[in-house]
Structures are given as C-alpha cells and as structure tokens.
Amino acid sequence: DTIRLSTTVSDSSNWVKAANKFKELVEARSEGEHKVEVYANGTLVSGNDRVELEMAQAGAVDIIMKSTPWLSQLNPDFIVVSMPWIFPDTDAAMAVMDGPVGDKLSAKLESQGIRALAWGSGSFFQLYTNPGPIETVDDIAGVKIRTPGLELYLNSWSSIGSVPVAMSFAEVFSALQAGAIDGGISPIPLIYSSRFYEVSKNISMVNFSFEAIGMLASNVFWARLSDDDKALVAQAAKDAMIHQREVAASEETELARVMEASGVSIHTPSEEALAGFKAKVAPVYAEFKEKVGAELVSEVEAQVKALSH
Amino acid sequence: MELLTNPAVIGLMVFFGFLALNVPVFVAIGLAGLMAFVVFEIAPLSVIPYVFSGSLDSFPLLATPLFIIAGNFITRTGIATKLVRLAELVLGPVPGGLALTVLVTGAVLGSMSGSNIATVAALSFLVQPMVERGYDRGFAVAVVAAGCTFGVVIPPSIGFIIYGVITESSIPKLFAAGIGPGLTMLLILGGYVLYVSKKRGYKGADLENRSWSTFFEAFKDAFWGLMAPVIILGGIYSGVFTATEAAAVAVVYLFVIDRLVYKQISFAQLPDVIFESGRTIGVIVLIIATSAVYGWVMQTQGLATMLNSFILDTSGGNAIVILLFFNLVLLVAGAFLEPIAAMYLLVPLFKPTLEAIGFDLVHFGAVLTVNLSMAHLTPPVGVGLFLASQLGKVPFATAARYAIPFVLCEVVVILLVTYVKPIAMFLPSLLG
Amino acid sequence: MKYVAAKATSWLDRLEKFTVVTFCGSIVILIFMGVLSRYFFHYSIAWSEELARFLFLLGALFGAASACKTGQHGGIPLLVDKFPPALQRVTEVFVGICMLVFIGYLAWQSYGTTMRALASGQTSMTTGISIWVINLGMFLAFCLAFVRTVQGLIIGAYRIDKPIVE
Ligand code: NA
Ligand code: NA
C-alpha cells in the first residue's frame, strides 16, 4: 500500500523531519509492504490548510500534520491548547496532550473523519518586531503585529495594547520589509524557516501561546488497514513524533543562535515584565475560558499545577 | 520506457489531443487530469474539487480582478488617452514608441506587484491605443503579455520569497539578484520591439508638434492619471498598504477621481464594468485551477523525479549540461503549470544537484525566476498570454503566434542569466 | 413554453450578474476598508482578508459560469479550422460533450464536498463561516456553468466558424 502524507510546512521544518522518520519506520517495520510518500510545502493540497483538513476527512489524502489552532476549525475545544500562558513549558504541554485531555480532544475528531495518531511540539509563539527590544508590555503599545487570524490571538494582542493585523501569510515578508506591519507572532522554527528574521531584527521570547502538532490519519485510510497494520502505523507515528519533540527542542536553541549571528537581538523578558503581559490578557483569558468551557480549561490548569509539584 | 507509461506523460498526450480538437484549454487539462484519476486510479475522484478550492482560495490572486476593473476605469474615464498622448509626446518619432511604453510601464508596475497576471490586467488598456496607431492587434496583445513577465523578476516578488523559503537562501539577496536579469529582459525585448516596429512600419507619433508648452499642457491633462501609479508605488514602498491591497486602492482612487474630475462613469455603469471583469477572471481561474490538478498528477506520479534522475544519468556530471537540462525542464513544466506550483515541484529536486556542482542557489533563483516568469507567456498554458488575449479581444491562437518571438528573446535572456554570472550576481555580491 | 423559458433565462441572467457584481465589488470595498482602518484608525479588520478570499473564489467561479454562455473559454482551433464544415460540426458536438462531462463531474463532486463539510461542521478560522457554505457555492457555480454551457451550445457560442466572442 502507498500512504500519502501531506503537510503545508516547508521541507526544512522539523515537522517534515518527523514525517521522514515516520516513513523510515513504517517502511522498515512493514518490510517494504507499505510505502510512505511525504509531500511537504502543501503540494498535495494546493498549499491550503483549510482544504488539507477537508481532504483528510474525505480520504483524499491519507495522513496530514496539523497544528491545534487549525484543528479548532473542526472542534472549538482545541483552543484550550492555545490559551495564553496556560503551559509553563513544552514538557507540561506535551504531558497534557499525552494524557486524558489529549485523549478527549482526539476522540472528538473521530466523528469528523479523522484519527489523531500522535502529538508533537509546535513550540511557543514568540514576538518578532522591528522596533525593539520589547522588554515590557508598554513597549508594544500601538505596534502593528501580524497574528494568525484566530480570534483568541487577535483579542489577546489588542488587549495587550498592540494593533493585531490579520494578514495573508504570503504577504508578511514584504509587509515587514516595507513597514506595513512592525512584527508578528510565530514559533521560532517558523520565524526562521519563513526568513522573517532577515527583515525583523528583534525577537522577544514571551512564550505567549503553545501549539501542538497532530499526526492525523484519515478514517478512510484507517479502515483500509488490517489490525496489525493499524498497530504498526500508530506506533510508528508515536515514535516519529517523539523524535520530532527532540528535534524541536534542540533546534530552538540552535536556530536562535543562527539568527543572532545574522544580527537579530533575542531578548527574554523578566518574570515581572511577563506578569505585565499576563495581567493585560487576563480578561481575554477569562472570556475564552467561558467560551471553550470552564471545565476543560480547569482540567488543563489542574494537570499543569500537579505537574509542577 | 518507463517514462512513456507514466500517467502524467499519458495525460499530457491526452491534453494535446483534446487541444487539437478545439476543446477549451481548461477542459482539456481538466479531462487529462481526470483521465489519470479514472484510468490509473491514482486517487479518489474527490481530489479535483478540493484542488480547485485550494488553488483559488489565495490572497495574491485577488489583485487580478481588481486591476482588471482599474484598467477598465482608466479606459472609460479617458485617462488612457491622456496618458498615451503624454507618452507619445515624450517619445516622439521613435518607432514602436507605444510598444516600448508598454514594456517600460510593465517593468515599473512589475517592480511593485509580485504578480504577473495582475500586471497584464493593469497594462491591457494600452492594447486599443496601439491598434489605433496601426499595430497588429495580435502583436499588441503579445507585447502586453511580454511586458508582464518582468513582474516576478523585478523585486519585490512572491516568487523569490517562496524560493528563498524552499532553498533556505537569503531573500534580500534574491531580490537583488532579480534586478540585473529584469533590466536585461527589458533591453532584449525592447530591442526586438524596436526591430519589428521598424520592419512593419509601426510608426512613432508625429501627430502634434513637440514643444515644452504642449508637453506641459499634456502633463497637466494627464496629471490625475499619472498620480495613480505614484500613489500605488508610494503607498507600497512606504508601507501604507501591501501589493494586493494596492489594487483595491487604485480602483477606489480612479473611481473618486472620475466622480470629482472626469465624470465619465455613472453609478449605473458600475455593475457592467465589474461583471465584465468577473467573467474575465473566471476564464483565467479555471485554467489556473485545472493546471493545479495536472500538477497534482505530475507530483504524485513522480514525473519530476524521473526527469531529474534522467538528467543526472545523461549529463555525466557536466555542470553546463546539467544547467541546460534544468532550464529545459523548467521551460516544459512552465508551459503547463503555474510558476509557483512548478517551483514547489522542481526546486526540492534540483537543490541537491546544484549544491553538488557548486552552483550558487541565489544565482539559480534568478535563473529559475526568469524561466518560470516566461511561463506566463508560453502556450499552451500561458496564463498571462491568455488573459491578455481575453482583454485584448484576440483569439488565443493568434496571440500565441505573435508571442513566440518574445518567448525566443526570453530564452536568450535565460541563457545569458545562466551562463554570464555577473548579470544576476553583481548586485547580491555587494550585499556581502 | 417559450415565454417561460425566456423569462427563466432573464431571471437567471440577472441573478448571475447580481452574484458576480456583489462578490467582486465587495472585494474592493473590503480590502480598501482594511487599509483605511489599519492606517488611519490603527485598528485592523481581522475578517476582511479571509472573507475577501472566499468572495473571490466564488465570484470568479460564477464569472467562469457566465463565460460558458458566451463561449469565452476558447479552444485553439488551428487544426479544426482546416476541417470541412461537416466535420467541424462533429468536433463542435465533441467539444460540447467534453465540457459537459467535465463540468458535470465537478458539480457532482462538489455536491459530495458540500455534504461532507455539512456533516463535519468545519468552520473557517477567522470569520467562522461554515465550510459547507463555501462548498455549496462552488456546487451552485458548477451547476450554473453546466446550464450556461448547454445554452451556449444551443445559441452557437462554440461554433468554430464564428470568429470571436461578442
Ligand atoms: Na515584482
Ligand atoms: Na505557460
């Protein structure tokens, strides 16, 4: 059988490294019975994330890799992962995704034609800007920053005092260069691979919001597999995403060093400074806690608290 | 041979078969793709509408219908006539003056927009004045289509940004590498236009006497029209709006100027203008979407991989031959695919080889961009040429015939950019 | 009967024009408003970008459907121009069948994409528009294209000896 795996991120991303690991594992463990074809850059889905999700549901592609903000299009509960500063670090986030909350979220997808095989780390959103460095929340006042078009992000950043701009990703580089926007939020690997650091010279490590990456199988594809193959594919996905987490962690420091070498100044705000950000975002946090469901959010908060003890 | 039984290659033959029987271009590509899905069972049938949806749900594409509307406004307000008069006063008796104006304007507009077809939309209002001056309509349309190919070569350009991301090369350096090739294109195409105009007797303007006073009068007359590109370029470079947003600003600006100064377009006529451009863009998007479907077939059937290994086997590692082959593959792929789709398909395959032969990736970015930019001009799937023929009201086949010499000129440019390194690399080398 | 047909056609014409004009016209307004509010009011309208993309997708497809009636989706008649008239009529029928097969297929499959999106309840990221609405729009555009192609074939918009549209 030939398994087609799609992702919209570029070849150099650690997502694709995970996909290639998955390919290697499935092909070796099935002794060549299954072949995996990895399609990066969105070539299988016209570069369109919305369509990629639809194609997975329809069985037009076998496996996709998608971040949790995109999955919130299918089920709003996934927003819980994106709640500002809900996770203190990647380990806590991954523990929640591997635990009962992750299982609950995964189960919701199944009635929509998709099965979550494993979760990886999409890292925290950091702030890249041209004015800078952004040390305290006052420094960001009135600064135009591009955020993905998720209501939670937009409301958070306008509450923080900046001017959030929802702009097509394709135009961000030129807009940064010309000054139509002053910056944006992205995980470090994406700031690097999209080369925003060539035209935006300050990065503030605010750890604003986390995203998890799901390796997701189409139910149509899943039904095609024997029970043994299901076990094989599921295990390969888990192992591949464990590999991805390791790569992501080591990459983050490595990429920061590369960007610093090319003239980017990377700044980590103090705890007090971050508290200023968190205070401003508190009303939005409360609003979305209600929207997503207080029970679910509290469950995550409780698990995070238990982990830190 | 394995290559000949590849569904993508068979699809190509089917495509040409349909084309020969006068089947509309989008149906010919679409059915060739569909054939691969049905006969070779390469994927579920539901893939095609999703590819349609994905390839058209794209922000940069939005600029095209807006520039078509803007071009329509320029003509209807009479600004077109005023601009043409001014250009003719400046150029005077230079043969092919208007055609040269199209090329230069294309380069200027191209410098702001990253989109070739948006540039065609903005330039096509010049077809009618050219016809009135005695140019063949097919030639006028071909000039407009050729004028658009500067669009992605001269920075800024989404093509370079995407290439930079795929190959992990510096985008500012790539932008710098586009300037030399862009000017080379302008020079060579301009030379050809001059030559043809002399031969065919496309005369310059000798309608009125050229004096400073007439020039100033014409300048004053065309002032509000001239302000359109000034506002657009100024707005983009100062960061007030982005390239796509500029198209909407242009439409609103022209409409407001007409309300205040020229009063040629009534509110009642507005729907007709918009409807007309909606239909034109409709014709174009079906070609874009179906060529994306064919790209899907090429991608999944490993055609590019096959060609790549064929090149490596036959070239014997000779860098000059490899580059020649790469250009050939780009040319062929560009004839059927949208440039961006072709880039995603081919660049990851070429990259290891380029690194092995030590060819600078920034330099190759310039080569590739010139080559794929030309794809908008090359039949049978030259989207820029198709749009120009629609807007210039010429059968596509006629436009294609007049476009061929321009394609040959651009092939010369590609070879120059490939083998004469300083054309592309002088400016980036200054960036260190 | 003829009266009803003519009435239906003019009704369809008006609906089609209204759709294309509204969708394409809104793009101009949306994007322009986006610029104004960002630059002058330091406030960015978040939903304008996504909505403009959806309006473009549907506006362009309805525009494409409209162009089917006028035969604007031209072929390349270099070869068939040399055919005798009788054979030309045959190729015209062939072209008609090809168009209807492909457009019919698109309409059929878009019905499927609409139903799937309806079942899954997928929504868009920023505006929260249900995706089935977008897919339904595509389905309707392809249905219209099918009807317009039939009309075009009847009124002779795809005649090879007919030089250029309109
Ligand atoms: Na450009
Ligand atoms: Na082409």
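Residues numbered from 1 in each chain as written. Chains lettered and ligands numbered in written order. Predicted model: local features only at pLDDT ≥ 70, side-chain atom pairs only at ≥ 80, totals over all residues. Heavy atoms only, no water.

(A) Layout of the overall build of chain A. Looking only at helices and strands, one finds 13 helices and 10 strands in chain A. The C-alpha atoms of chain A give a radius of gyration of 19 Å, which matches the 19 Å a tight globule of 309 residues would have. Expressed along its principal axes, the backbone C-alpha trace of chain A runs to roughly 60 × 40 × 35 Å. For chain A, the proportion of its 309 residues judged to be buried stands at 62%. Counting only carbon and sulfur atoms, one obtains 52% of the accessible surface of chain A, whose full area is about 10500 Å². Of the charged side chains in chain A, 25 are positive and 41 negative; the average position of the first set lies 2 Å away from that of the second. (Helix = DSSP H or I, 4+ residues; strand = E, 2+ residues; numbered from the N terminus. Rg over C-alpha atoms; globule rule 2.2 N^0.38 Å. Buried < 20%, exposed > 50% of the residue type's maximum accessible area, 1.4 Å probe, protein only. Areas by Shrake-Rupley, 256 points an atom, 1.4 Å probe, with all protein chains shown as cover. Lys, Arg positive; Asp, Glu negative; His and termini not counted. Charge placed at Lys NZ, Arg CZ, Asp CG, Glu CD.)

(B) Region of interest: the packing of aromatic side chains. One pass over the full model with this rule turns up 43 aromatic pairs over all chains. A ring pair is formed by Tyr192(A) and Tyr197(A), whose centres lie 5.5 Å apart and whose planes are at 5°; its orientation type is stacked. For the pair Tyr192(A) and Tyr197(A), a shared accessibility class is recorded, and that class is buried. With 6.5 Å between their ring centres and 50° between their planes, Phe52(B) and Phe102(C) make a pair best called tilted. (Phe/Tyr/Trp six-rings, centres within 6.5 Å; stacked < 30°, edge-to-face > 60°.)

(C) Fine view of the interface of chain B and chain A. At the junction of the two partners, chain B supplies 36 residues and chain A supplies 34 residues. Each partner contributes to the roughly 2800 Å² buried at the junction of chain B and chain A, and carbon and sulfur atoms together form 57% of this total. Taken as a group, Tyr50(B), Glu168(B) and Trp296(B) account for 20% of the area that chain B buries against chain A, more than any other trio of residues on that side. There are one salt bridge connecting chain B and chain A. Note that Asp57(B) and Arg50(A) form a salt bridge whose closest N and O atoms lie 2.9 Å from each other. Counting residues per element, the ones that place at least two in the side of chain B that touches chain A are α3 (47-56), α10 (158-167), α11 (171-200), α12 (212-237), α13 (243-262), α14 (270-300) and α17 (339-357) of chain B. When residues in the side of chain B that touches chain A are grouped by element, the largest group, six residues, is from α3(B). Of the residues contributing to the side of chain B that touches chain A, the split by class is 20 nonpolar, 14 polar and two charged. (Contact = heavy atoms within 4.5 Å. Buried area = accessible area lost by both parts, 1.4 Å probe. Salt bridge = Lys/Arg side-chain N within 4 Å of Asp/Glu carboxyl O. Nonpolar A, V, L, I, M, F, W, Y, C, P; charged D, E, K, R; others polar.)

(D) Examining the environment of Trp11(C) more closely. Residues and elements named next belong to chain C. You can see tryptophan 11 is positioned in helix α1 (residues 2-40). Classification of tryptophan 11 by relative accessible area gives exposed; the value is 56%. Here the alpha-carbon distance between tryptophan 11 and leucine 87, two residues 76 residues apart in the chain, equals 36 Å.

(E) Region of the structure containing the coordination of the sodium ion (ligand 2). All names here are of chain B. Looking at the sodium ion (ligand 2), one finds its protein donor set to be Gly334 (O), Ala375 (O), Thr378 (O), Thr378 (OG1) and Val381 (O), positioned 2.2 to 2.9 Å from the metal centre. Going along the chain, you hit the donors of the sodium ion (ligand 2) in the pattern G-x40-A-x2-T-x2-V. Here the two residues alanine 375 and valine 381 agree in accessibility, since each one is buried. (Donors = N, O, S within 2.8 Å, 3.2 Å for Na, K, Ca; no water.)

(F) Fine view of the confidence of the model for chain C. Residues of chain C with pLDDT of at least 70 account for 95%, and the chain-wide mean is 89. Across chain C, helix α4 (residues 131-155) of chain C holds the top mean pLDDT of 95, while α1(C) sits lowest at 88. (pLDDT = per-residue confidence, 0-100.)

(G) The interface of chain B and chain C, seen in detail. The partner chain C presents 56 residues to the 58 residues of chain B that form the contact. Roughly 5100 Å² of surface becomes buried between chain B and chain C when both sides are summed, with 76% attributable to carbon and sulfur atoms. Sorting the residues of chain B by area buried against chain C places Asn22(B), Phe275(B) and Arg279(B) first, and these three jointly supply 13% of that buried surface. The tally of links between chain B and chain C comes to three salt bridges. Linking Asp272(B) and Lys17(C) is a salt bridge whose minimum nitrogen-to-oxygen distance equals 2.6 Å. At the boundary of chain B and chain C, one finds eight residue pairs in polar contact (both at pLDDT 80 or more). Secondary-structure elements contributing two or more residues to the side of chain B that touches chain C are α1 (7-20), α2 (25-39), α3, α4 (63-76), α13, α14, α19 (383-391) and α20 (396-419) of chain B. The element contributing the most residues to the side of chain B that touches chain C is α14(B), with 14 residues. Split by residue class, the side of chain B that touches chain C holds 41 nonpolar, 11 polar and six charged. (Polar contact = N/O pair within 3.5 Å; in protein donor to acceptor, adjacent residues only side chain to side chain.)

(H) Structural context of the pairing of strand β2 (residues 35-39) of chain A. Residue and element names in this part refer to chain A. Note: strand β1 (residues 2-6) against β2, five bridges, orientation parallel. Bridge assignment links threonine 2 to a residue of β2, and that residue is lysine 35. Each parallel crossover has a hand, and for β1 linked through helix α1 (residues 14-29) to β2 it is right-handed. (Pairing = 2+ DSSP bridges. Right-handed = clockwise from strand over helix to strand, strands pointing away.)

(I) Spotlight on the side chain of Thr129(A). Structurally, Thr129(A) is set in strand β4 (residues 114-129). Here the side chain of Thr129(A) touches Pro131(A) through a polar contact of 2.8 Å, landing on its backbone oxygen.

(J) Just the nonpolar core, in detail. By size, the foremost hydrophobic cluster in this structure holds 296 residues, and its most contacted members are Phe87(A), Phe52(B), Phe139(B), Phe364(B) and Phe406(B). When residues of this core are assigned to their parent elements, the largest contribution, 17 residues, is made by α14(B). Apart from the residues within four sequence positions on either side, Phe52(B) is in contact with Leu286(B), Ala289(B), Thr290(B), Val293(B), Leu57(C), Phe102(C), Leu106(C), Met138(C) and Phe142(C). Of all hydrophobic cores here, the second largest spans 29 residues; its members include Ala217(A), Leu225(A), Val233(A) and Ala236(A). (Core = buried A, V, L, I, M, F, W, Y, C linked by side-chain atoms within 4.5 Å.)

(K) Spotlight on the UniProt feature "transmembrane region" (unreviewed entry) in chain C. Residue and element names in this part refer to chain C. Within the UniProt annotation, "transmembrane region" (unreviewed entry) is assigned to residues 20-39, 51-68, 89-108 and 128-147. The span residues 20-39 carries 100% helix and 0% strand; its end-to-end C-alpha distance comes to 29 Å. Span residues 128-147 is 85% helix and 0% strand, its end C-alpha atoms 32 Å apart. (UniProt positions renumbered as here; feature names shortened; annotations may be inferred.)

(L) The arrangement of the environment of Asp227(A) in detail. All names here are of chain A. Assignment of secondary structure puts aspartate 227 in helix α11 (residues 227-261). Aspartate 227 gets classed as exposed once you look at its relative accessible area, which sits at 62%. Spatially, the C-alpha atoms of aspartate 227 and phenylalanine 288 are 40 Å apart, while their sequence positions differ by 61 residues.

(M) Region of interest: a nonpolar patch on the surface. Residue and element names in this part refer to chain B. A cluster of nonpolar side chains, Trp212, Phe216, Phe219, Phe223, Trp224, Val256, Leu260 and Val261, forms an exposed patch at the surface whose accessible area comes to about 820 Å². For the nonpolar patch, the secondary-structure elements that each account for two or more residues are α12 and α13. A per-element tally of the nonpolar patch places α12 first, with five residues. Among the residues examined, valine 256 registers a relative accessible area of 36% and is labelled partly exposed. (Patch = residues over 30% accessible without salt bridge, like charges linked within 9 Å, V, L, I, M, F, W, Y side chains within 5 Å.)

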